[in-house]
Amino acid sequence: SHFVVLLVLYVFQKNRSQEVPKMAENIILSKEIIEAKWEDILLQLEKHYDMSRIIIDTWIRTLEIYCVRNNTVYFCVDEQRGKHGVDYLHNRGYDSFLLSSMREILNDSSVEIKIDQKSSYLNKDPEDDDIENESEEKDKDILPYSKEYYAAIKRCNLMENYTFENFIVGDGNKHAFATCVAVADDPGQDTFNPLFIYGNSGLGKTHLIQSIAHYILQKDPKASILYVSSEVFTNDIINSIRDKKTVEFKEKYRQVDVLIIDDIQDIIGREATQQEFFNTFNFLYEAGKQIVIAADRPPTEIKSLDERLRSRFEWGVPIDVHAPDYETRIAILKKKAKMKGIEGIPEEVFSYIAQNIVSNVRVLEGSLNKIKIYASLQTEPITLEMAKEVLEDMVQKDSNVAITPNYILSVVSEHTKISTDDICSLKRNQEIKDARQLVMYLSRQLTDKSYQAIGAAVGGKDHATVYNGVGRVSKRMEEDPEFAATVHLLMKKINPDKET
């Protein structure tokens, strides 16, 4: 009997080991099989392809299976997303990730997928090659969206290229990107209202918040969206008071579905502006309207901000945008070069720019403009030697090789709004002491300078003073998470590539 049990177990294990490949070879793929494995496919995307839950729920889970023919699965995007949704999934590579995940979970490398609008399938046989090539054969002069949409983006003062499709996602901005997509897909939801995006200048905040407006207008060109800078907001308040048109001001800012304000930090110190924004914020929030705000620092770090506004900015999701890493900078350069029609750039030139311009996407784009102009004027091919010559000034300004206590002093001064003279003085009020100690701590962390050299940079302080200042900052970081976040933010400003 013992032998019989072993024999049965052996046959069972043998059959089990052959089960998966046999299924892959012999079972015909069907809608029911995919639906049964759908959650496993989505989990695979999250775990092995690093797709966020927001992106999966927003873009993949909502796909509908139109039909399955000859091991090809024909998916439909949500009809509200239309062609934009199809293009978005393809441009971001999500369709490729989905295909790989399905092949792995179904254990079948012959699986193929197509993603399109349902209207593209309705009167056609899904096996017709015309479906696959349809979008590629369209007249290039036909605009991808409606005339109403293009009129709407002009009305809203949006940059035409500031869309999700044209935004390069990397480790430094992927969470901000996913959150902006979620807000655009369902504006006004409590979880992301208000949405507060912060980060250094030139990292894509304006691109992201305008992408929200583009996405909504692509679906509904009649949507009521207002995008303004804080400067425009302030001027509108001043003009409304001067011209006695406060009613018109309130109609402009309160009768919208989505209000997007850029550079909100610039309203600080202007009491009337802060008060009117507070009133506008409350009115829109209570009406369930979406509010999107961008700033150069988190709410906790905006000095002199009215406490009522600070608390409201923190109701939703304050989320930061960091400088792009090397790989993302390369991707940005290649995308911008393609958009600008700049051809023939060698890989070594892309690499040189990405290695030496690290902290600002605008400067990356500016480097390509400069190379394009020089190459056209000189009628020369683009080479590494040319790039080094043309970009010499830009590289020197943006390079991260010259991090010194004096440079750190200037960054801390700009961030805290305390002059370098005060930081280096003998003044001992708390705000100045805090700024001074921040310079000491950051100089110790980010440079190889001695305590004496750091002391010399902050007004000739001695070894013991610097040592104690560094220690106080370290201790405070352990006890105060908000202060620690400030220190990490400053580190990112000073050296975007340093892990904090």
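Residues numbered from 1 in each chain as written. Predicted model: local features only at pLDDT ≥ 70, side-chain atom pairs only at ≥ 80, totals over all residues. Heavy atoms only, no water.

Draft legend 1. Structural detail: the overall build of the protein chain. Summing up its helical and strand segments, the protein chain has 25 helices and eight strands in all. Residue burial in the protein chain is summarised as follows: out of 500 residues, 48% are buried. Long-range pairs, those at least 24 residues apart, make up 71% of the contacts in the protein chain with a sequence separation of at least 6. Of the roughly 26,100 Å² that the protein chain leaves accessible, carbon and sulfur atoms contribute 48%. (Helix = DSSP H or I, 4+ residues; strand = E, 2+ residues; numbered from the N terminus. Buried < 20%, exposed > 50% of the residue type's maximum accessible area, 1.4 Å probe, protein only. Contact = heavy atoms within 4.5 Å. Areas by Shrake-Rupley, 256 points an atom, 1.4 Å probe, with all protein chains shown as cover.)

Draft legend 2. Quick look at the nonpolar core. Among the nonpolar cores identified, the biggest contains 66 residues, and I60, F75, L98 and M102 are the most heavily contacted of them. When neighbours within four sequence positions are excluded, L98 is seen to be in contact with W38, I41, L45, I60, L63, F75, I113 and I115. Residues I403, L409, M440 and M491 belong to the second largest nonpolar core, which totals 28 residues. (Core = buried A, V, L, I, M, F, W, Y, C linked by side-chain atoms within 4.5 Å.)

Draft legend 3. Structural view of the sheet that holds strand β3 (residues 112-116). Reading across the sheet, the three strands line up as β1-β2-β3 and stay open at both edges, with mixed pairing between neighbours. What marks the edges here is a single partner per strand, and that holds for β1 (64-69) and β3. Taking the axes of each pair of neighbouring strands and ignoring which way they run, one obtains an average angle of 20° across the sheet. Bridge count between strand β2 (residues 72-76) and β3: five bridges; the pairing is parallel. Residue pairing for β3: F75 is matched across the bridge by I115. Together, β1 and β2 form the strand contacts of helix α2 (residues 31-48), whose direction differs from that of β1 by roughly 135°. Together, β2 and β3 form the strand contacts of helix α5 (residues 94-106), whose direction differs from that of β3 by roughly 145°. (Pairing = 2+ DSSP bridges. Axes fitted to C-alpha atoms, helices over the stretch in contact; angles between N-to-C directions.)

Draft legend 4. Just helix α10 (residues 205-219), in detail. For α10, with 15 residues, the first-to-last C-alpha span of 22 Å sits near the 21 Å given by 1.5 Å per residue. Of all 15 residues in α10, 14 are buried; the element is thus mostly enclosed. (Expected span 1.5 Å × (residues − 1).)

Draft legend 5. Just the packing of helix α8 (residues 147-155) against α10, in detail. Across the interface, α8 lies against α10 with an axial gap of 9 Å and an inter-helix angle of 145°. Crossing hand, α8 versus α10: right-handed. Residues Y149, A152, I153 and R155 of α8 pack against H214, L217 and Q218 of α10. (Left-handed = near helix turned anticlockwise from the far one by under 90°.)

Draft legend 6. Layout of helix α20 (residues 405-416). Here α20 contains twelve residues, and its C-alpha end-to-end distance of 16 Å stays within 8% of the 16 Å for a straight helix at 1.5 Å per residue. Residues of α20 that are buried: P405, I408, L409, V411, V412, S413, H415 and T416. Contacts from the buried residues of α20 go to α21 (420-423), α22 (430-446), α23 (451-457) and α25 (481-494).

Draft legend 7. Geometry of the pattern of salt bridges. According to the stated counting rule, one finds 16 salt bridges in the structure shown. A salt bridge links R103 to E112; the nearest nitrogen and oxygen atoms lie 2.8 Å apart. Its relative accessible area of 36% is what places E112 among the partly exposed residues. Three or more residues joined by partner-sharing salt bridges are found here, namely E39, D57 and R61. (Salt bridge = Lys/Arg side-chain N within 4 Å of Asp/Glu carboxyl O.)

Draft legend 8. Spotlight on unusual backbone geometry. Note that the residue after N193, namely P194, is joined by a cis bond; omega there is 0°. Along the polypeptide, P194 turns up in the loop between α9 (174-185) and β4 (195-198).

Draft legend 9. A negative patch on the surface, seen in detail. On the surface, E380, E389, E392 and D393 cluster together into a negatively charged patch. Within the secondary structure, D393 is located in helix α19 (residues 392-398). According to the relative accessible area criterion, D393 is partly exposed, its value standing at 45%. (Patch = residues over 30% accessible without salt bridge, like charges linked within 9 Å, V, L, I, M, F, W, Y side chains within 5 Å. Lys, Arg positive; Asp, Glu negative; His and termini not counted. Charge placed at Lys NZ, Arg CZ, Asp CG, Glu CD.)

Draft legend 10. Expanded view of the sheet that holds strand β5 (residues 225-229). One open sheet accounts for five strands, arranged β5-β6-β7-β4-β8; its pairing is parallel. Edge positions in the open sheet fall to β5 and β8 (317-320), since each of these has one partner strand only. For this sheet, the mean inter-axis angle between neighbouring strands, taken without regard to orientation, is 15°.

Draft legend 11. Geometry of the packing of aromatic side chains. Evaluation of the coordinates by the stated rule reveals 18 aromatic pairs. Between F164 and F177, the aromatic rings sit 5.5 Å apart at their centres with planes inclined by 85°, giving edge-to-face as the arrangement. One end of the pair, F164, is in the loop between α8 and α9; the other, F177, is in helix α9, with 13 residues separating them in the sequence. Owing to a relative accessible area of 2%, F164 belongs among the buried residues under this scheme. A network of ring pairs unites the aromatic residues W59, Y88, Y94, F97, F164, F167, F177 and Y215 as a single cluster. Over the aromatic face of Y451 sits the side chain of R444, whose NZ or CZ is 4.0 Å from the ring centroid. Note that R476 overlies the ring of F483, its terminal NZ or CZ placed 3.9 Å from the centroid. (Phe/Tyr/Trp six-rings, centres within 6.5 Å; stacked < 30°, edge-to-face > 60°. Lys NZ or Arg CZ within 6 Å of the ring centre and 35° of its normal.)

Draft legend 12. Molecular detail of the confidence of the model for the protein chain. Counting all residues, the mean pLDDT for the protein chain is 80, and 86% of those residues have values of 70 or more. Across residues 1-25 the pLDDT falls below 50, and counting only partners more than four positions away or on other chains, this stretch makes five contacts in the model. Throughout residues 129-142 the model reports pLDDT below 50, and contacts reaching past four residues in sequence, or to other chains, amount to ten contacts. (pLDDT = per-residue confidence, 0-100.)

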